[in-house]
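Here's the letter readout for the chains.
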Amino acid sequence: MTSSPGYFQAHLRPSKSRSKSWPAIVAYLARWVPPSARVLEVGAGYCEFINRIPARKRCALDISDEVRRHAGPGVDVVVADLSRCQAFEPAGFEAIFASNLFEHLDPEAVERALRWTLDRLAPGGRLICMQPNFRYAYRFYFDDYTHRSVYSHVSFPALLRAAGFGIVHLEKRFLPYSHECVPLAVPRFLVSLYLRSPWRPFAHQMLVIAEKPGA
């Protein structure tokens, strides 16, 4: 995440559609996160995922101090740069979640961040990533001035494999690029139906689940 205070106002304004869609998204993703897991969300922002995921331990990491305002009860917050954070011990998490994070980093920083993430995951632990898929989002990908790296459903899994992960699940069309692209201020059950559907109109983001070897 960017550290600029204006970024939240420019690109991450509070949204009723976001708050209504995230419960269904978290319910969909929970199949890859055991309730006994220790879970970390990196680039946590509004903490939409970490506030809702059932887990034994929940932590939020972001470079912006804004994260402190949004973390819910029981969520431990650390404000730091991901690749330089020393707050978490190696193999300390069974799941790490990142939503729309790695495209904001320069390629060298992405490599450092993935090494950091692999080190903090326990053997068999999972990295759950939601990312813009450039294959489908190219028309508005750089409308966000903080985007630094470009990934597709082909290149991003390849990057994760090169970093030492195994790929356990891939959905090249997962969700719309943003809540501004398609209004998602709809009941949770409709979002759940969308996620269960094989046909997902306006889906410009991908979902990639990667795993640290050695379970």
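As a starting point, this report considers the structure included with it. Since the structure is predicted, the reported quantities are computational estimates derived from the model, not experimental observations.

Observations concerning helix H6 (residues 155-162)
So, step 1. Within H6, the full set of buried residues consists of Phe156, Pro157, Leu159 and Leu160. With its buried residues spanning 155° around the axis, H6 presents them on a single face. Projecting away from the buried face of H6 at angles above 90 degrees are the exposed residues Arg161 and Ala162.
So, step 2. Buried-residue contacts for H6 involve helix H4 (107-120), strand E5 (121-132), strand E6 (166-176) and strand E7 (203-211).
So, step 3. Once H6 ends, the next one or two residues include Gly164, with phi positive near 110°.

Things to note about the pattern of salt bridges
For side chains of opposite charge, pairing can occur when their charged atoms come near one another.
So, step 1. Applying the stated rule across the entire model yields 8 salt bridges.
So, step 2. One salt bridge in this structure joins Glu94 and Arg38, with 2.4 Å as the shortest N-O distance. With a gap of 56 residues between them, Glu94 in strand E4 (residues 93-99) and Arg38 in strand E1 (residues 38-42) connect regions that are remote in the sequence.
So, step 3. In this structure, the salt-bridge partner of Asp65 is Arg68, at a minimum N-O distance of 2.7 Å.

Re a nonpolar patch on the surface
So, step 1. On the surface, Phe189, Leu190 and Leu193 cluster together into a nonpolar patch covering about 280 Å² of accessible area.
So, step 2. Here Phe189 is to be found in helix H7 (residues 188-196).

Some words on the sheet that holds E4
So, step 1. Overall, mixed pairing links the 7 strands, which are arranged E3-E2-E1-E4-E5-E7-E6 in an open sheet. Strand pairing shows two members of the sheet lacking a second neighbour, strand E3 (75-79) and E6, which therefore form its edges. For this sheet the average axis-to-axis angle between neighbouring strands, irrespective of direction, equals 15°.
So, step 2. With respect to the sheet, H7 is in contact with E6 and E7, its orientation differing from that of E6 by roughly 125°.

Remarks on the pairing of E7
So, step 1. For E7, the tally of buried residues reaches 8 of 9 residues, placing the bulk of the element in the interior.
So, step 2. Two elements, E5 and E7, share 7 bridges in a ladder whose sense is antiparallel. Bridged to Arg126 within E7 is Glu211.
So, step 3. When E6 meets E7, the two strands line up antiparallel, connected through 7 bridges. Each residue of the ladder has a partner; that of Glu171, found in E7, is Leu207.

Concerning unusual backbone geometry
Backbone phi values are negative for most residues with the exception of glycine, while trans is the configuration of most peptide bonds.
So, step 1. Unlike most non-glycine residues, Cys47 shows phi in positive territory, near 60°.
So, step 2. Its place among the elements puts Cys47 in the loop between E1 and strand E2 (57-62).
So, step 3. Judged by relative accessible area, which is 0%, Cys47 ranks as buried.
So, step 4. Its identity is not glycine, yet Asn100 carries a phi of approximately 50°, on the positive side.
So, step 5. Along the chain, Asn100 turns up in the loop between E4 and H4.

Reading guide: rules and limits
Residues numbered from 1 in each chain as written. Predicted model: local features only at pLDDT ≥ 70, side-chain atom pairs only at ≥ 80, totals over all residues. Heavy atoms only, no water. Buried < 20%, exposed > 50% of the residue type's maximum accessible area, 1.4 Å probe, protein only. Helix = DSSP H or I, 4+ residues; strand = E, 2+ residues; numbered from the N terminus. Arc of directions from axis to C-beta. Contact = heavy atoms within 4.5 Å. Salt bridge = Lys/Arg side-chain N within 4 Å of Asp/Glu carboxyl O. Patch = residues over 30% accessible without salt bridge, like charges linked within 9 Å, V, L, I, M, F, W, Y side chains within 5 Å. Areas by Shrake-Rupley, 256 points an atom, 1.4 Å probe, with all protein chains shown as cover. Pairing = 2+ DSSP bridges. Axes fitted to C-alpha atoms, helices over the stretch in contact; angles between N-to-C directions.

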